[in-house]
Amino acid sequence: RKEVEQDPGPFNVPEGATVAFNCTYSNSASQSFFWYRQDCRKEPKLLMSVYSSGNEDGRFTAQLNRASQYISLLIRDSKLSDSATYLCVVNPRTGGYNKLIFGAGTRLAVHP
Amino acid sequence: DARVTQTPRHKVTEMGQEVTMRCQPILGHNTVFWYRQTMMQGLELLAYFRNRAPLDDSGMPKDRFSAEMPDATLATLKIQPSEPRDSAVYFCASGQGPTSTDTQYFGPGTRLTVL
């Protein structure tokens, strides 16, 4: 089983739609959670951190469910510019150092 | 706007040749990561330095790959000899301080093709 699993998509949605991505992680002791965004042929960039209480940044809302080991990202009022791959990322913080474990990504295509 | 820089951006080489990729982290960042991204495997951590000391290179094939930080402004990833299965995009990322691992700034990547 992969440490971080995501539905690869693609999710094809019209502008203005609401779309949700889910992600599960295997290490129950994981401490930090993030969503990164990667545009086609570009580098990943941090989109937002995910907190236990849930957090919102404009049209983006991230949720964490530790009991189910599940992370979600909701995008409201989708824009064409939201088309990208969204990477679910976990930092297990084990072994005396910490590192990011990336999911394979969920591709989103927003069309007019 | 400070950025991580990587050279070369593209590299095409033949099997058996040596490949050296370079990364300049953001000035003042003390943590540097090397990743490899392929369609099949996604983004994988190869090596990780803090204050120029290697902390983790467990993701790196030891027989042909080596990573170094000769100084605080330069990180290198070398493959010798290269093989077709090494074809991928290699990203360098840097971070700073207590959240240096959580908030990583990626360079544009080196797209490597080994024929």
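Everything below is about the structure shown above.
No experiment lies behind these values; they were computed from the predicted model shown.

Draft legend 1. Quick look at the overall build of chain B. Each helix and strand in chain B was counted, giving zero helices and eleven strands. The N-to-C order of helical and strand elements in chain B reads β-β-β-β-β-β-β-β-β-β-β. The C-alpha radius of gyration of chain B comes to 13 Å, within 12% of the 13 Å expected for a compact globule of 115 residues. Summarising its shape, the C-alpha atoms of chain B cover approximately 40 × 30 × 25 Å along the three principal directions. Residues counted as buried form 46% of the 115 residues belonging to chain B. For chain B, long-range pairs separated by at least 24 residues make up 55% of all intrachain contacts whose partners lie at least 6 apart in sequence. A total accessible area of about 5,700 Å² is found for chain B, and carbon and sulfur atoms account for 50% of it. Positive and negative side-chain charges in chain B, numbering 12 and 12 respectively, have mean positions lying 4 Å apart.

Draft legend 2. Broad picture of the packing of aromatic side chains. In the structure shown here, the tally under the stated rule is eleven aromatic pairs over all chains. Aromatic pair Tyr 36 of chain A and Phe 102 of chain A: ring centres 5.5 Å apart, planes at 70°, arrangement edge-to-face. Taken together, the positions of Tyr 36 of chain A in strand β4 (residues 32-38) and Phe 102 of chain A in strand β10 (residues 101-102) put the pair 66 residues apart, joining distant regions of the chain. Taken individually, Tyr 36 of chain A and Phe 102 of chain A each receive the classification buried, so the pair is uniform in this respect. One aromatic cluster is present, built from ring pairs that chain together Tyr 36 and Phe 102 of chain A together with Phe 33, Tyr 35, Tyr 48, Phe 91 and Phe 106 of chain B.

Draft legend 3. Broad picture of the environment of Phe 33 of chain A. Residues and elements named next belong to chain A. With respect to the helices, strands and loops of the structure, Phe 33 is situated in strand β4. We classify Phe 33 as buried; its relative accessible area is 2%. Between the C-alpha atom of Phe 33 and that of Pro 10, which follows or precedes it by 23 residues, the distance is 22 Å. Every residue in contact with Phe 33, bar those within four places of it in the chain, is listed here: Tyr 25, Ser 49, Val 50, Leu 64, Arg 66, Ile 71, Val 89 and Val 90.

Draft legend 4. Geometry of empty space enclosed by the protein. All names here are of chain A. Tallied over the full model, the rule gives one cavity of 30 Å³ or more. The wall of the largest cavity is formed by Glu 3, Val 4, Tyr 25, Ser 26, Asn 27, Ser 30, Val 90, Pro 92 and Ile 101. Looking at the lining of the largest cavity, its residues break down into five nonpolar, three polar and one charged.

Draft legend 5. Looking closely at the interface of chain A and chain B. Of the residues lining the interface, 16 residues belong to chain A; the matching set on chain B comes to 16 residues. Between Asp 56 of chain B and Lys 99 of chain A there is a salt bridge, and its shortest N-O distance comes to 3.5 Å. Linking chain A to chain B there are two residue pairs in polar contact (both at pLDDT 80 or more). Of all the elements, β4 of chain A adds the most residues to the side of chain A that touches chain B, at four residues. The class makeup of the residues in the side of chain A that touches chain B is seven nonpolar, four polar and five charged.

What counts and what doesn't
Residues numbered from 1 in each chain as written. Chains lettered and ligands numbered in written order. Predicted model: local features only at pLDDT ≥ 70, side-chain atom pairs only at ≥ 80, totals over all residues. Heavy atoms only, no water. Helix = DSSP H or I, 4+ residues; strand = E, 2+ residues; numbered from the N terminus. Rg over C-alpha atoms; globule rule 2.2 N^0.38 Å. Buried < 20%, exposed > 50% of the residue type's maximum accessible area, 1.4 Å probe, protein only. Contact = heavy atoms within 4.5 Å. Areas by Shrake-Rupley, 256 points an atom, 1.4 Å probe, with all protein chains shown as cover. Lys, Arg positive; Asp, Glu negative; His and termini not counted. Charge placed at Lys NZ, Arg CZ, Asp CG, Glu CD. Phe/Tyr/Trp six-rings, centres within 6.5 Å; stacked < 30°, edge-to-face > 60°. 1 Å grid on protein atoms, 1.4 Å probe; cavity = no way out; pocket = protein on both sides within 12 Å on 5 of 7 lines; lining within 4 Å. Points joined across faces, edges and corners; volume = space filled by probe spheres on them. Nonpolar A, V, L, I, M, F, W, Y, C, P; charged D, E, K, R; others polar. Salt bridge = Lys/Arg side-chain N within 4 Å of Asp/Glu carboxyl O. Polar contact = N/O pair within 3.5 Å; in protein donor to acceptor, adjacent residues only side chain to side chain.

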